[in-house]
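Okay, here's what each chain looks like letter by letter:
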Protein chains: 2
Amino acid sequence: MAMTENRPQTRIQREKREIILEAALDVFSSHGFRGATIDQIAEAAGMSKPNLLYYFKTKEAIFETLIHGLLDMWLDPLKAMDESGDAIVELRSYIRRKIEMARDFPRASRLFANEMLQGAPRIMPMLESELKPLVDEKAKVLKSWMRAGKLKPADPYHLIFSIWATTQHYADFDIQVRTVLGPDRGGDGRFEDAARFLEQLFLEGLRPTP
Amino acid sequence: MAMTENRPQTRIQREKREIILEAALDVFSSHGFRGATIDQIAEAAGMSKPNLLYYFKTKEAIFETLIHGLLDMWLDPLKAMDESGDAIVELRSYIRRKIEMARDFPRASRLFANEMLQGAPRIMPMLESELKPLVDEKAKVLKSWMRAGKLKPADPYHLIFSIWATTQHYADFDIQVRTVLGPDRGGDGRFEDAARFLEQLFLEGLRPTP
DNA sequence: CTCATTTTTGACCGGTTGGACAAAGCCTAG
DNA sequence: CTAGGCTTTGTCCAACCGGTCAAAAATGAG
């Protein structure tokens, strides 16, 4: 055996590791790294603790594998912002994509949020090696659009921050959003309402045109 | 004794409880409830664990007292939004006040963020009894401004969410903001830059005026 | 079927955690 | 000074934590 692949080994190992990572996302995202326990993850994955530790040597190893796999997906919408496209269209679809990610992958958002709140002790290297260069690149793209008169001049970094903040808010503070909106307005439609509002906010602002 | 007050008792008790709460804010805000330990708080407060437990019966009691005391301060900027004032001025100063709070009280922001991420298990009652009614009230104020043509029509709830999100982002994701901005642009000026950007964003948006 | 390899588990370990408790120190009113 | 209450601490405990280990069970190639 061990001919198809030599690192992740057998098919069953790949499957079990996937189940564990899915369970770990549940637990880590809602309790943070330190607040999560291996027992919780093992129970959520439907296996015993020693069995889980057969697939991942340590708690850190689970976390690291998990967050590595999620970061690329998480940065995809920003990567997709295309300099050769129309500025307004690109900005609008970036916002759209980000709020769709908050809707479809809220646990990933909360996982990152938890890590950031604690000072990013485990993902700082990835922030510097992957996130920062990507943001620098896209900030240049935004700047070039602004110079070309396609967007109003503004700080591109804070623009990106504000898109992150407003969209991820609906994942990270979901409980607060639903509590404030109440049972009627806090249903599934809230993401669509948010998308509409944010589109207007980022493009038109709130000052009335006289 | 015990004549001046009968609940918080002696002066020394009030002082020590204050020291403990200050230390607890440090520890809870950076590790979350479960990640924080009584030992850490006791050490940060400069006293032994049994001594700390003499002033607060349980870890939960510390947390509850802390978050109760902070919520009012945290909601102050929104409370101050005055219906009889000018809509644009009021909106602008709300944003300003919120970002000043993120700058001056980042630990309080992170404490709330940590709690929200975990589904607000400990402060849900306060969200319903204090936060929701306040937001409902201010949403009506915003709506009335919009009807009067002082602001563009928009969803007032999502407007409030987006102000929370963008401002608190600079406290909650401080490490990410500073990493992305780098040593030069990530200095003390970042809050002023953010305030300027957000003011433009909320009032004017980014679509260029032809 | 056979047997080596992979997978699963119960028992266990040292360290940490939230909290209890009693004894000791300290302060101050009389 | 001294007695009574307030404050502080060392010690202890049961539960929990991350992780180990050896042995048992399941698997699958020949």
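The structure under discussion appears in the preceding block.
Note that the structure is a prediction, hence the values are computed from the model and not measured. (Residues numbered from 1 in each chain as written. Chains lettered and ligands numbered in written order. Predicted model: local features only at pLDDT ≥ 70, side-chain atom pairs only at ≥ 80, totals over all residues. Heavy atoms only, no water.)

Colleague: Would you take a moment to explain the layout of surface pockets for this structure?
Modeller: Where empty space is left becomes clear once a probe the size of a water molecule has been rolled over the atoms. In this structure, the second largest pocket spans a volume of roughly 160 Å³. Lining the second largest pocket are 14 residues, with K152(A), E204(A), T209(A), E204(B) and T209(B) positioned closest to its centre. Each residue belonging to the lining of the second largest pocket can be placed in one class, and the counts come to 6 nonpolar, 2 polar and 6 charged. (1 Å grid on protein atoms, 1.4 Å probe; cavity = no way out; pocket = protein on both sides within 12 Å on 5 of 7 lines; lining within 4 Å. Points joined across faces, edges and corners; volume = space filled by probe spheres on them. Nonpolar A, V, L, I, M, F, W, Y, C, P; charged D, E, K, R; others polar.)

Colleague: Help me out: how do you make sense of the packing of helix α5 (residues 87–104) of chain A against helix α8 (residues 156–172) of chain A in this one?
Modeller: Describing two packed helices takes the angle between their axes plus the distance from one axis to the other. Residues and elements named next belong to chain A. Contact geometry of α5 with α8 gives a least axis separation of 8 Å together with a crossing angle of 30°. By the angle between their directions, the pair α5 and α8 is classed as roughly parallel. The crossing of α5 and α8 is right-handed. Along its contact with α5, which presents L91, Y94, I95, K98, I99 and A102, the element α8 presents L159, I163, W164, T167, Q168, Y170 and A171. Considering only residue class, the contact of α5 with α8 consists of 10 nonpolar, 2 polar and 1 charged. (Axes fitted to C-alpha atoms, helices over the stretch in contact; angles between N-to-C directions. Helix = DSSP H or I, 4+ residues; strand = E, 2+ residues; numbered from the N terminus. Parallel < 35°, antiparallel > 145°, perpendicular 65-115°, else oblique. Left-handed = near helix turned anticlockwise from the far one by under 90°. Contact = heavy atoms within 4.5 Å.)

Colleague: Mind showing me how you'd approach the interface of chain A and chain B here?
Modeller: Interfaces are frequently sized by the accessible area removed from exposure as the parts join. Contact with chain A, which involves 67 residues of that partner, is made by 67 residues of chain B. Counting each side, the surface lost to burial between chain A and chain B is near 6000 Å², with a carbon and sulfur contribution of 66%. Of all residues in chain A, L117(A), K152(A) and R207(A) give up the largest surface area on contact with chain B, accounting jointly for 13% of the area buried on that side. Connecting chain A to chain B are 4 salt bridges. Between E204(A) and R207(B) there is a salt bridge, with the nearest N and O atoms lying 2.8 Å from each other. Put simply, the parts of the chain that give the side of chain A that touches chain B at least two residues each are α1 (11–35), α5, α6 (106–117), α7 (124–147), α8, α9 (174–185) and α10 (190–204) of chain A. Of the residues assigned to the side of chain A that touches chain B, the class counts are 32 nonpolar, 20 polar and 15 charged. (Buried area = accessible area lost by both parts, 1.4 Å probe. Salt bridge = Lys/Arg side-chain N within 4 Å of Asp/Glu carboxyl O.)

Colleague: Help me understand the protein's contact with DNA strand D in this model?
Modeller: Surveying the vicinity of DNA strand D reveals 18 residues, the closest of which are I12(B), Q13(B), K16(B), R34(B) and Y55(B). When atoms of DNA strand D within 4 Å of the protein are sorted by moiety, sugar and phosphate together comprise 52%. Between DNA strand D and K59(A), the relevant distance is 2.9 Å, taken from a phosphate oxygen to a main-chain nitrogen or oxygen of the residue. Elements with a contribution of two residues or more to the surface near DNA strand D: α3 (49–55) of chain A together with α1 (11–35) and α3 (49–55) of chain B. Class assignment of the residues belonging to the surface near DNA strand D gives a composition of 8 nonpolar, 6 polar and 4 charged. (Near = heavy atom within 4 Å. Polar contact = N/O pair within 3.5 Å; in protein donor to acceptor, adjacent residues only side chain to side chain.)

Colleague: What am I meant to see in the relation of the copies chain A and chain B here?
Modeller: Applying a rotation about an axis and a shift along it to one chain copy brings it onto the other copy. Each copy superposes on the other: chain A lies on chain B with an RMSD of 0.2 Å after a rotation of 180° and an axial shift of 0.0 Å. The superposition operator between the copies reduces to a two-fold rotation axis. Distance from the rotation axis, computed per C-alpha, reaches its smallest value in chain A at G205(A): 1.9 Å. Here 100% of the contact residues of chain A are again contact residues in chain B; the copies associate through an equivalent surface. (Least-squares fit on C-alpha atoms with pLDDT ≥ 70 in both.)

Colleague: Teacher, can you tell me more about the packing of aromatic side chains here?
Modeller: How two aromatic rings sit relative to each other is set out by the distance from centre to centre and by the angle between their planes. Under the defined criterion, the tally for this structure stands at 16 aromatic pairs over all chains. Summarising the aromatic geometry, the rings of Y170(A) and F161(B) are spaced 6.1 Å apart at their centres and angled 85° between planes, so their arrangement reads as edge-to-face. With Y170(A) in helix α8 and F161(B) in helix α8 (residues 156–172), this residue pair bridges two chains. Across this residue pair, the class does not change: Y170(A) and F161(B) are buried. Ring centres 5.6 Å apart and planes at 10° place the aromatic pair F28(B) and F33(B) in the stacked group. F33(B) carries the same exposure label as F28(B), and that label is buried. (Phe/Tyr/Trp six-rings, centres within 6.5 Å; stacked < 30°, edge-to-face > 60°. Buried < 20%, exposed > 50% of the residue type's maximum accessible area, 1.4 Å probe, protein only.)

Colleague: Which parts of the structure should I look at to understand unusual backbone geometry?
Modeller: Negative phi characterises most residues that are not glycine, and trans characterises most peptide bonds. All names here are of chain A. Even without being a glycine, A120 presents a positive backbone phi close to 55°. For A120, the position within the fold is in the loop between α6 and α7. Residue A120 is classed as buried on the basis of its relative accessible area, which comes to 1%.

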